[in-house]
Amino acid sequence: MYPKKKVAPQKESAPKKVLKEEPKKDLEEEAEKSGKTFELLRGFRDILPEDQGRWNLVRDTIRSIAESYSFDRIDLPILERSDLFQRTIGKGTDIVEKEMYVFTDPSNRSVALRPEATASAARAYISHGMLDRPQPVKMWYLGPMFRHDRPQAGRYRQFYQAGFESFGVDEPIVDAQLIVIAHQIFKQLGLDVKVEINSIGTSECRAAYLTELVSYFRAHRSKLSEDDKRRLQKNPLRILDSKEEVTRELLQGAPQILDWLDEKSKEHFMKVLEFLEEVDVPYVLNPYLVRGLDYYTHSVFEFVLADDTGDGSQSALGGGGRYDGLVELLGGRATPACGFALGLERIVRALEAKGVNPPERPQPRVFFAQLGDASRRVGLKLYEEFRQAGIPVAEAFGKNALKGQLEAANKLGVELTLILGQKEVLDGTIIIREMESGAQEIVDVKKVVGLVKKKLELDKTVPFSDTASALILPNS
Ligand code: AMP
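In what follows, the accompanying structure is described.

The helix and strand tally for the protein chain stands at 16 helices and 16 strands. A buried classification covers 50% of the 476 residues belonging to the protein chain. About 23,700 Å² of surface is accessible on the protein chain, with carbon and sulfur atoms providing 51% of the total.

Here it is as structure tokens:
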């Protein structure tokens, strides 16, 4: 009944493009031994100014697409009660078992740094009575998540996710549109991403399937790794995304969840696929995709770089699915819902691999060179006027000599430098220097903002004034 586009279980292999290898050694331990105590915690990182261009591009793209699909921004707390995650993500999952930052706060309450935000979004939906608003309630968020996982390239202990959640409608079009939204984000960023999709049905049909799956693997128990034996006992669905070679081979003959879906689940899934075909979003059926968290039902999906042949873990740029039981599980009225989250570090890394490197902010086109304290005082005010006019101005306040300042201006590649010496301060004038030609003119300081604005935007209509006395300084 399904299009025959199944993928074979993927072999484990190293991610193709490892751009910035994570330090192999534990810097924390090393630093402590050497007495240098203020190293970064392992798995945590600074996102430096030079990387902000790419980050801004990703954040701005996500925001503009969220708004264009009428999703409203929600900011959720980073710290929540730990049972919010334990109850929803599931006890047998890696996140809850091994990766959560849980601690007791000063009020003696067990709290956790959020490992993901879907449970928080569902909690907010209930806390704020959003069930009474027109459905679906569509919200998006962006912020840091925390998982005490083994750090490696593309895997951090603090990482950023942007998530989209749609509450209140069980129609397959919701699942499909969420996938379309993610697809549009990747498309706008210039990333070629494939959608892997599966259905894990309702908890009832999953239970019947799991009985079958467990009995299949029990027959091969002796071949399984300790980890997979544990999974088989605690959370057998996780066997499907095991990275163990033996398990992957065994999976080829294992029962597949798609064959165990009830009619309603099959119909839901088929409709999602039909919608995707309708809007030309290419997808690949992956019968081994289960997404690891307990709250998922029906559609589950992941976004992977199209040219990726990795193991599908560090390479996934995002993932999501339907979670029709989550709101009820948290004490709200039964509310169908669906959503996805994107991993920003991985998206930024993919852009870096493609050589995308936009400037972190608009490049300044004007430089302000000052000569002496009186000029600095005027300069401070002038700087503010330029800022209000929307013209970014660069400076080198630490340098005194004109030569050094002009060198700095040249390095920045600005078009104009404003030079303010003591004489100009006394005369109420300022020099505008065109960097390329070296031509200079003296103008009334009160008019300089307007003149610069014209020069930069309507350059050709404002020739160098011949009313101003020409003063050519020696080229630096
Ligand atoms: P998940 O819901 O756990 O699949 O997470 C969604 C996305 O977040 C993944 O596809 C990754 O892109 C990203 N992600 C998850 N865990 C990490 C991590 N430890 N470090 C960096 N990115 C992560």
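Another aspect to go through is the pairing of strand E14 (residues 416-420). Among the 5 residues in E14, 5 count as buried, and that is most of the element. With burial as the criterion, each face of E14 is covered, one bearing Leu416, Leu418 and Leu420 and the other bearing Thr417 and Ile419. Pairing analysis gives 4 bridges linking E14 to strand E15 (residues 429-434), with the strands arranged antiparallel. Its bridge partner lying in E15, Ile419 is registered against Ile431.

Moving on, we get to the environment of Ser120. Mapped onto the fold, Ser120 is located in helix H5 (residues 118-127). Contact partners of Ser120, with chain neighbours within four places excluded, come to Leu76, Glu80, Leu84 and Phe85.

The next point concerns the sheet that holds E14. If you walk across this open sheet you meet the 5 strands as E13-E12-E14-E15-E16, and the pairing is mixed. Among the strands making up the open sheet, the edge pair consists of strand E13 (393-395) and strand E16 (440-444). Strand-to-strand twist of the sheet, defined as the mean angle between neighbouring strand axes without regard to direction, takes the value 30°. Of the strands in this sheet, strand E12 (366-370), E13, E14 and E15 touch helix H14 (residues 402-412), which is tilted by about 170° from E12. Here helix H16 (residues 448-457) sits on the sheet in contact with E12, E14, E15 and E16, set at roughly 15° to E15.

Looking now at the packing of aromatic side chains. The full count for this structure, using the stated rule, is 15 aromatic pairs. Grouping aromatic residues by their ring pairs yields a cluster made of Phe71, Trp140, Phe164, Phe186, Phe301, Phe303 and Phe340.

So, about the site of the ligand. Taken together, 13 residues surround the ligand, and among them Arg147, Tyr156, Gln161, Arg291 and Ala316 come closest. Here an oxygen atom of the ligand sits 2.8 Å away from a polar atom, N or O, in the side chain of Arg291. Protein contacts shield 92% of the accessible area of the ligand, which totals 470 Å² for the unbound molecule. Contributing elements (two or more residues each) for the shell around the ligand: strand E6 (158-167), strand E10 (316-322) and strand E11 (337-343). When residues of the shell around the ligand are assigned to their parent elements, the largest contribution, 3 residues, is made by E10.

Moving on to the sheet that holds strand E9 (residues 297-305). In spatial order, the strands read E1-E5-E6-E11-E10-E9-E7-E8; together these 8 strands make up an open sheet with mixed pairing. The sheet is open, and its two borders are formed by strand E1 (72-73) and strand E8 (283-285), each paired with just one other strand.

Here the focus is the nonpolar core. Phe164, Phe167, Ile197, Phe217 and Phe303 are the most contacted members of the largest nonpolar core, which totals 97 residues. Here this core takes 9 residues from helix H6 (residues 172-188), the largest share from any one element. Not counting the four nearest positions on each side in its chain, Phe167 is found in contact with Ala121, Ala122, Tyr125, Gln135, Pro136, Val137, Met139, Tyr323, Val327, Thr335, Pro336 and Ala337. The next biggest cluster of nonpolar side chains, apart from the first, holds 17 residues, and it includes Leu382, Ile391, Val448 and Val452.

Another aspect to go through is helix H2 (residues 52-68). The end-to-end C-alpha distance of H2 is 24 Å, a good match for the 24 Å that 17 residues give at a rise of 1.5 Å each. Considered for burial, the residues of H2 that qualify are Gly53, Arg54, Trp55, Val58, Thr61, Ile62, Ile65 and Ala66. Contacts made by the buried residues of H2 are with strand E5 (137-146), E6, H6 and helix H12 (344-353). Looking one or two places after H2, you find Ser70, whose phi comes out positive at around 60°.

Turning our eyes to something else, we now look at the environment of Leu344. Of note, Leu344 is situated in helix H12. Separated by 26 residues in sequence, Leu344 and Gly318 place their C-alpha atoms 8.7 Å apart. Not counting residues up to four positions away in its chain, the partners in contact with Leu344 are Trp55, Val58, Arg59, Ile62, Leu142, Tyr160, Gln161 and Ala162.

For the rest of this paragraph, the subject is a negative patch on the surface. A contiguous patch of negative charge on the surface is contributed by Glu274, Glu277, Glu278 and Asp280. Residue position: Glu278 is located in helix H10 (residues 263-278). The class of Glu278 is exposed, set by a relative accessible area of 66%.

Quick reminder: α-helices carry 3.6 residues per turn. Residues three or four places apart thus point the same way. Taking burial as the measure, the 10 residues of H12 include 8 buried ones, the bulk of the element. Along H12, the positions that sit buried rather than exposed are Leu344, Glu345, Arg346, Ile347, Val348, Arg349, Ala350 and Leu351.

Quick look at the packing of H2 against H6 now. Running from N to C, H2 and H6 point in directions that differ by 140°, and their axes come no closer than 10 Å. Here H2 is positioned oblique relative to H6, judged by the angle of their axes. Here H2 and H6 pass one another in a crossing that is right-handed. Here Thr61, Ile62, Ser64 and Ile65 of H2 lie close against H6, whose contacting residues are Ile181, Gln184, Ile185 and Gln188. Class assignment of the residues belonging to the contact of H2 with H6 gives a composition of 4 nonpolar, 4 polar and no charged.

What follows concerns the pattern of salt bridges. Pairing between side chains becomes possible if they bear opposite charge and their charged atoms approach one another. If you walk through the whole model with that rule in mind, you get 25 salt bridges. Between Arg291 and Glu302 there is a salt bridge whose closest N-O contact spans 2.9 Å. Residue Arg291 is found in the loop between E8 and E9, and its partner Glu302 is found in strand E9; the two are separated by 11 residues along the sequence. Each member of the pair, Arg291 as well as Glu302, is classed as buried. Two residues, Arg365 and Glu415, come together in a salt bridge whose shortest N-O distance is 2.8 Å. Of this pair, Arg365 sits in the loop between H12 and E12 while Glu415 sits in the loop between H14 and E14; the two residues are 50 residues apart in sequence, bridging distant segments of the chain. Look at the salt bridges and you will find they share partners, linking Glu97, Asp227, Arg230 and Lys234 into a network.

Analysis parameters
Residues numbered from 1 in each chain as written. Predicted model: local features only at pLDDT ≥ 70, side-chain atom pairs only at ≥ 80, totals over all residues. Heavy atoms only, no water. Helix = DSSP H or I, 4+ residues; strand = E, 2+ residues; numbered from the N terminus. Buried < 20%, exposed > 50% of the residue type's maximum accessible area, 1.4 Å probe, protein only. Areas by Shrake-Rupley, 256 points an atom, 1.4 Å probe, with all protein chains shown as cover. Pairing = 2+ DSSP bridges. Contact = heavy atoms within 4.5 Å. Axes fitted to C-alpha atoms, helices over the stretch in contact; angles between N-to-C directions. Phe/Tyr/Trp six-rings, centres within 6.5 Å; stacked < 30°, edge-to-face > 60°. Near = heavy atom within 4 Å. Polar contact = N/O pair within 3.5 Å; in protein donor to acceptor, adjacent residues only side chain to side chain. Core = buried A, V, L, I, M, F, W, Y, C linked by side-chain atoms within 4.5 Å. Expected span 1.5 Å × (residues − 1). Patch = residues over 30% accessible without salt bridge, like charges linked within 9 Å, V, L, I, M, F, W, Y side chains within 5 Å. Salt bridge = Lys/Arg side-chain N within 4 Å of Asp/Glu carboxyl O. Lys, Arg positive; Asp, Glu negative; His and termini not counted. Charge placed at Lys NZ, Arg CZ, Asp CG, Glu CD. Parallel < 35°, antiparallel > 145°, perpendicular 65-115°, else oblique. Left-handed = near helix turned anticlockwise from the far one by under 90°. Nonpolar A, V, L, I, M, F, W, Y, C, P; charged D, E, K, R; others polar.

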